[in-house]
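# A look at the structure
Single-letter residue listing:
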Amino acid sequence: MRLQLPNPGLEDRILSHEELDKLETEEAGSGDRPKWDNKTQYMLTCVGFCVGLGNVWRFPYLCQSHGGGAFMIPFLILLVLEGVPLLHLEFAIGQRLRKGSLGVWSTIHPYLAGVGIASMFVSLMISLYYNTIMAWVMWYLFNSFQETLPWSQCPLNYNLTGLVSECEQSSPVDYFWYRETLNSTPDIGENGGLQWWMVLCLVSAWAVLYICIIRGIETTGKAVYVTSTLPYVVLSIFLIRGLTLKGSLSGVVFLFTPNLTELTNPTTWLDAGAQVFYSFSIAFGGLISFSSYNSVHNNCEQDAVIISAVNGFTSVYAATVIYTIIGFRATERFDNCLGGNILVLLNTFDLPEGNVTESNYDQVLQSLNGTHPEVIQGLNLKTCDLNTFLSEGVEGTGLAFIVFTEAITKMPASPVWSVLFFIMLFCLGLSSMFGNIEGVLVPLQDLGVFPKSWPKESTTGITCVLCCIVGLIFVQGSGNYWLSLFDSYGGSIPLLIIAFCEMVGVVYLYGIDRFNDDIEFMIGHKPNLFWQITWRFVSPAIMLVIFVFYFITKVTETLLYKTWNPESENFPTLEEKEYPTWIFVIIFILAGIPGLSVPLTAIYKCLRNRCCKKDNEFKQDDLNTIAKQVHLTDEATKNKPDIPETADGR
Amino acid sequence: MLVWILFLLCQVGAPALAQDLCQRDAPNGYKVRISLKTALGEDAYEWNQSEMFFFQATMAFAMRRHFQMETYNVDNIILCVQTSRVSFWFVVTSPDNTTMLIPKADVEKAVRMSRHRINNAFLLSDRTLEFLGIYPTLAAPVNPDTPPWLIVFGVVIGAVCAGIIALLVSSLLQKRRKEKGMTEDGQDEEDMQVKGVENGINLDGTYNRGFTDDDRFTKL
């Protein structure tokens, strides 16, 4: 007994299997809808969309903070139970219904159009701030073409008597990031004005994106040959370089040392589930669009498994590489700390050099403490512990722009490594942006926001220009705070809602039986028991659990944000401040509007249906998409008078 | 006899007097700290009396260089309180009067002026040959006229804009070519319809599956 919600008129809205086959064989129809040049482009685009900055700067932090090697267990389990089924679902439904996200959900049921609209909003919000991160990466990239990297030393102050005090108190990398890049204000309320150098970088980031998506997947498909493969090359180069540095292995060991007690902590499982979910870029709508450009009989099951495996492997690989460099940095800091202490001891007690080394430091300190305790106390020696330095685990922008850049300055031939690193980050981010923008552009087209007569170049151009202008919020003095706000609220809760609705919609509204038949038609065999169980029960359940926990955590936590305030007492530690009250409105807009658009659109369509009492409500006329035009073209040509009547009436 | 005793006393007393001038925390003296192993590692030379003499000579040179009129000599530099760290104190006496010490400020000026030469004489640097109390002057930063990042930005933006313009122009040309092609193709279409072929598919009989593309999967 299968649960199937009533869905009248579904047959009229979708192309039947015979019509799909006809579409495949007729060359003329495919002229209107874009197609992938070859399978490699499609796979590289999907891999590029899934593999993004999160693999580099979120996964290693999670891995290290949740018990190292033990984190692999929840990560892999949830990858298989949550990531792969959702991915397969999106690929299959896009390939079957051959429309973008808005088209797919409207076809399944008109009331579900809200899911597509929510996807579009979420993709839009994420595109806005994600490209700002690209702008930051470009700024660092541009600044890497110098012999001495600007973040390796503090600048001199105005009268050239000493270093700038803000830099002296913190560190050159911190100063370069917070002052010379962001020019951060101490509060989100003070906007600090537009920073002209960041505006230039933002414009260049959008310009590079525009040139890659100018003709849709025709140009994107060529760009991904570089943007999806280059990160792997760079990661390998860094791995080889990293392993030859002192202390790298201690970093890797620290990362993967398993602590099985962490598995009993529910936060570990929650973070693993969230990481799998966000890493797969599900519910953005981009993956549905990409797979709709495929041929109908493409093996989407195989694609889903391959892409999931690649994504998981990349996370682990990137984590290894990052932690070789972090191990090197930690060892360097430890050596400096210890070296400093040793020098102080030598100078105070006038001992010959080489008397106190790293190996006998503790003994010597103890014996000196026995003979001259007051002197030792007065020296204020720092405690140096390698594990403390290793667990200064940073994630996000802190990892890329502070910790990693500092490590690079300590490597020989720093500009080369800096250029390579930031090119890699740029490619990772750019390939993810392709998917985000696809998730924005296709629904806009389907909604009819742009007239059909306009060429693709102008629609993409206008979208890029508008997003760039709105993105100017993030290049003000307070831009960093706005960005973390968007990141925490705009991209988390709505996606979970959308993914849950997707699963429910396909399994229970479209019908799992019909879906199974479609997949059998497309790839030749019915999806096996694993897919049935995960689609129907396991994955929606996991989504629901993660959503509930996330929602409760976000709603109950006190809203604090970390600011860079040179006037604060604990400078250079970031000062935690509470958000002002008007921020709650913004948070509601960010998280609420996409989430609420699902029920609101359903209600709106329902009311419109009741009020106007149209019987043909569920006909195809609602959505003017390309597939419908192809159908119409067939109809139109049938009515031409000069086609000779054939035996079977075609 | 008395003269002989006085002479002997002077010989003994002079160095003793000199030692009184130079002592730990002397008001007009400086402490010097040398870190040979840090600077030179394996190639570190041994610090012995000859090196101390070399230091006296270098300091005398520095004083001569600063005060160009006065002729300082090795005897005018008095060293004391040597430790195995390699650190010691020194004071500078005036060449005219060996009991008078040169003030701290003048010594500092002399050292600052010839710091680079002194460092190089011992193959050391500001950090490994320390005069405690005399801080090294910071190197002036190199400020290029155009920030280098602006140059790279200009190159990238120029290339991207050129690419965008090229793509837009090519798509415009393509469209114009298609429009021109359509008006010519109109005649070909009529010929094809007469033969009963439309859109490449023969409508005269049943669909011949022998001519379909057998590959059902998207090609790699």
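None of these values were measured; they are calculated from a predicted model.

All names here are of chain A. Direction vectors running N to C along helix α3 (residues 39–50) and helix α12 (residues 217–227) enclose 65°, while the axes themselves pass 9 Å from each other. Comparing the axis directions of α3 and α12 gives the class roughly perpendicular. Note on packing geometry: the crossing formed by α3 with α12 is left-handed. Between α3 and α12, the residues in contact are T40, Q41, L44 and T45 and G221, K222, V224 and Y225, respectively.

What follows covers a nonpolar patch on the surface. Taken together, the side chains of V585(A), F588(A), I589(A), I593(A), L596(A), L600(A), I603(A) and L607(A) present a nonpolar region at the surface, about 750 Å² in accessible area. Mapped onto the secondary structure, L607(A) falls in helix α27 (residues 583–612).

Right, let's get into the UniProt feature "transmembrane region" (unreviewed entry) in chain B. In the numbering used here, UniProt assigns the "transmembrane region" (unreviewed entry) feature to residues 149–173 of chain B. Counted over residues 149–173 of chain B, helix gives 100% and strand 0%. Its end C-alpha atoms are 36 Å apart.

Attention now goes to the side chain of H88(A). Residues and elements named next belong to chain A. Mapped onto the elements, H88 comes out in helix α6 (residues 72–97). By relative accessible area, which is 0% here, H88 ends up buried. Ignoring anything within four residues of it in the chain, the contact list for H88 reads C300, E301, A304, I519, W531 and W535.

With that out of the way, let us pick up the packing of aromatic side chains. Residue and element names in this part refer to chain A. In this structure the tally under the stated criterion is 57 aromatic pairs over all chains. Consider the rings of F71 and F75, whose centres lie 6.3 Å apart with planes at 20°: the pair is stacked. For the pair shown, F71 and F75 are each scored as buried. Their ring planes at 40° and their centres at 6.0 Å tell us that W482 and W582 sit as a pair that is tilted. Placement of W482 in helix α24 (residues 479–490) and of W582 in the loop between β2 (575–578) and α27 is noted, with a sequence separation of 100 residues between them.

Here the focus is the state of the cysteines. Residues and elements named next belong to chain A. Scanning the model with the defined rule gives 2 disulfides over all chains in all. C154 shares a disulfide with C167; S-S distance 1.8 Å. What sets the handedness of the C154 and C167 disulfide is the S-S torsion sign, and at about -85° it is left-handed. Of the two residues, C154 sits in the loop between α8 (113–142) and α9 (165–169) while C167 sits in helix α9, which places them 13 residues apart along the sequence. Here the bonded cysteines of chain A are numbered in sequence order, and their pairing is 1-2, 3-4. Lacking any disulfide linkage, C46 is separated from the closest cysteine sulfur, that of C50, by 6.5 Å. By relative accessible area, which is 0% here, C46 ends up buried. Left unpaired, C201 is separated from the closest cysteine sulfur, that of C468, by 11 Å. Judged by its relative accessible area of 0%, C201 is buried.

Analysis parameters
- Residues numbered from 1 in each chain as written.
- Chains lettered and ligands numbered in written order.
- Predicted model: local features only at pLDDT ≥ 70, side-chain atom pairs only at ≥ 80, totals over all residues.
- Heavy atoms only, no water.
- Axes fitted to C-alpha atoms, helices over the stretch in contact; angles between N-to-C directions.
- Helix = DSSP H or I, 4+ residues; strand = E, 2+ residues; numbered from the N terminus.
- Parallel < 35°, antiparallel > 145°, perpendicular 65-115°, else oblique.
- Left-handed = near helix turned anticlockwise from the far one by under 90°.
- Contact = heavy atoms within 4.5 Å.
- Patch = residues over 30% accessible without salt bridge, like charges linked within 9 Å, V, L, I, M, F, W, Y side chains within 5 Å.
- Areas by Shrake-Rupley, 256 points an atom, 1.4 Å probe, with all protein chains shown as cover.
- Salt bridge = Lys/Arg side-chain N within 4 Å of Asp/Glu carboxyl O.
- UniProt positions renumbered as here; feature names shortened; annotations may be inferred.
- Buried < 20%, exposed > 50% of the residue type's maximum accessible area, 1.4 Å probe, protein only.
- Phe/Tyr/Trp six-rings, centres within 6.5 Å; stacked < 30°, edge-to-face > 60°.
- Disulfide = S-S within 2.5 Å.

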